[in-house]
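In case you want the letters, here they are:
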Amino acid sequence: MNTDQVIAKANILIEVCSQIGEKDFGQFRGAHARVSDFLSTFAGSRSSFVNEIDKKSMPSDRARAAQILIELLKSFIAHLNDGLVSGLSPERQAEIDVTSDLLEQAQGLLKSKSVHPAAPAVLIGATLEEFLRNWVEDSALSLGNRKPSLDSYATTLREADFISKQDMKDIASWGGIRNHAAHGEWEELGGRPRISIMLEGVNLFMRKHSPE
């Protein structure tokens, strides 16, 4: 997720907080949790922004408390615009760096004529799943009753409006290729050209949803 996308999410939360009245205790608790998870994910769990929204420091007047959340979000947006923090926490960026390295390994396998194209296909699929899993966990999203899988991670991110319908279609296609490779369905795999297109697509997807 790039900086503009993070700012857009922050503005949505500002709008949510602006609708909280003095006696809206339940609504405030929900907003407080969402803002806390948002700032933990994108500013870092040990950041000053997260420290400032400790429940014990919030006034009993929920409208005033919501205004504090709004001001914190506005300050975080200002930091983003000034380039003082990136669109993702250091932990999330490290995870992205690892998955990028795995895709480079897949590229090397794909170029090797002694390696069956199923090998890089499985690695690309596993790397994509890891990327989505980390994204879901770092965004504090719930899978609900779904079992952990490429499809369930993608569905959860789609429900949170983090990815588009086209992203969902692409992920389903890549997941299908990975499954063909994992189950030895060589005729369905499509050979190196198709795996190469898969690798390029996953690379583009990860760059699109990573900091600028």
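These numbers were taken from a predicted model, which means no experiment stands behind them.

A. Spotlight on the nonpolar core. Among the nonpolar cores identified, the biggest contains 30 residues, and Ile124, Leu128, Leu132, Trp135, Ile171, Val202 and Phe205 are the most heavily contacted of them. At the level of secondary structure, the elements contributing two or more residues to this core comprise helix H5 (90-111), helix H6 (118-138), helix H7 (150-159), helix H8 (165-182) and helix H10 (191-208). Top contributing element to this core by residue count: H6, with 9 residues. Residues within four places of isoleucine 171 in sequence aside, it is in contact with Leu128, Leu132, Leu150, Ala154, Ile163 and Phe205.

B. The packing of aromatic side chains, seen in detail. For the structure on display, the rule yields 6 aromatic pairs. Each ring, one from phenylalanine 38 and one from phenylalanine 76, has its centre 5.9 Å from the other, and the planes form 90 degrees; the classification is edge-to-face. Taken together, the residues span a long stretch of sequence, with phenylalanine 38 in helix H2 (residues 25-42) and phenylalanine 76 in helix H4 (residues 62-82) at a distance of 38 residues. Each member of the pair phenylalanine 38 and phenylalanine 76 is classed as buried. Aromatic side chains tryptophan 135 and phenylalanine 162 sit 5.9 Å apart centroid to centroid with 15 degrees between the ring planes, which places their arrangement in the stacked category.

C. Fine view of the environment of alanine 43. On the secondary structure map, alanine 43 appears in the loop between H2 and helix H3 (48-51). Taking the relative accessible area as the measure of exposure, alanine 43 reaches 17% and is therefore buried. Taking the C-alpha atoms as reference points, alanine 43 and leucine 80, 37 residues apart in sequence, are found 9.5 Å from one another. The residues touching alanine 43, leaving out its near neighbours within four places in the chain, are Phe38, Phe49 and Phe76.

D. Quick peek at the pattern of salt bridges. Under the definition given, this model contains 6 salt bridges. With a closest N to O distance of 3.1 Å, arginine 178 and glutamate 129 form a salt bridge. Within this pair, whereas arginine 178 is found in helix H8, its partner glutamate 129 is found in helix H6, the two being separated by 49 residues in sequence. Judged by relative accessible area, arginine 178 falls into the buried class, the value being 14%. Judged by relative accessible area, which is 22%, glutamate 129 ranks as partly exposed.

E. Representation of the packing of H6 against H7. For the pair H6 and H7, the least separation of the axes is 9 Å and the interaxial angle reads 40 degrees. If you check the angle between H6 and H7, you find them oblique. Handedness of the H6/H7 crossing: left-handed. For the pair H6 and H7, the contacting residues are Leu128, Glu129, Leu132, Arg133, Trp135 and Val136 in the first and Leu150, Tyr153, Ala154, Thr156 and Leu157 in the second. Grouping the constituent residues of the contact of H6 with H7 by class yields 8 nonpolar, 1 polar and 2 charged.

Reading the values: the criteria
Residues numbered from 1 in each chain as written. Predicted model: local features only at pLDDT ≥ 70, side-chain atom pairs only at ≥ 80, totals over all residues. Heavy atoms only, no water. Core = buried A, V, L, I, M, F, W, Y, C linked by side-chain atoms within 4.5 Å. Buried < 20%, exposed > 50% of the residue type's maximum accessible area, 1.4 Å probe, protein only. Helix = DSSP H or I, 4+ residues; strand = E, 2+ residues; numbered from the N terminus. Contact = heavy atoms within 4.5 Å. Phe/Tyr/Trp six-rings, centres within 6.5 Å; stacked < 30°, edge-to-face > 60°. Salt bridge = Lys/Arg side-chain N within 4 Å of Asp/Glu carboxyl O. Axes fitted to C-alpha atoms, helices over the stretch in contact; angles between N-to-C directions. Parallel < 35°, antiparallel > 145°, perpendicular 65-115°, else oblique. Left-handed = near helix turned anticlockwise from the far one by under 90°. Nonpolar A, V, L, I, M, F, W, Y, C, P; charged D, E, K, R; others polar.

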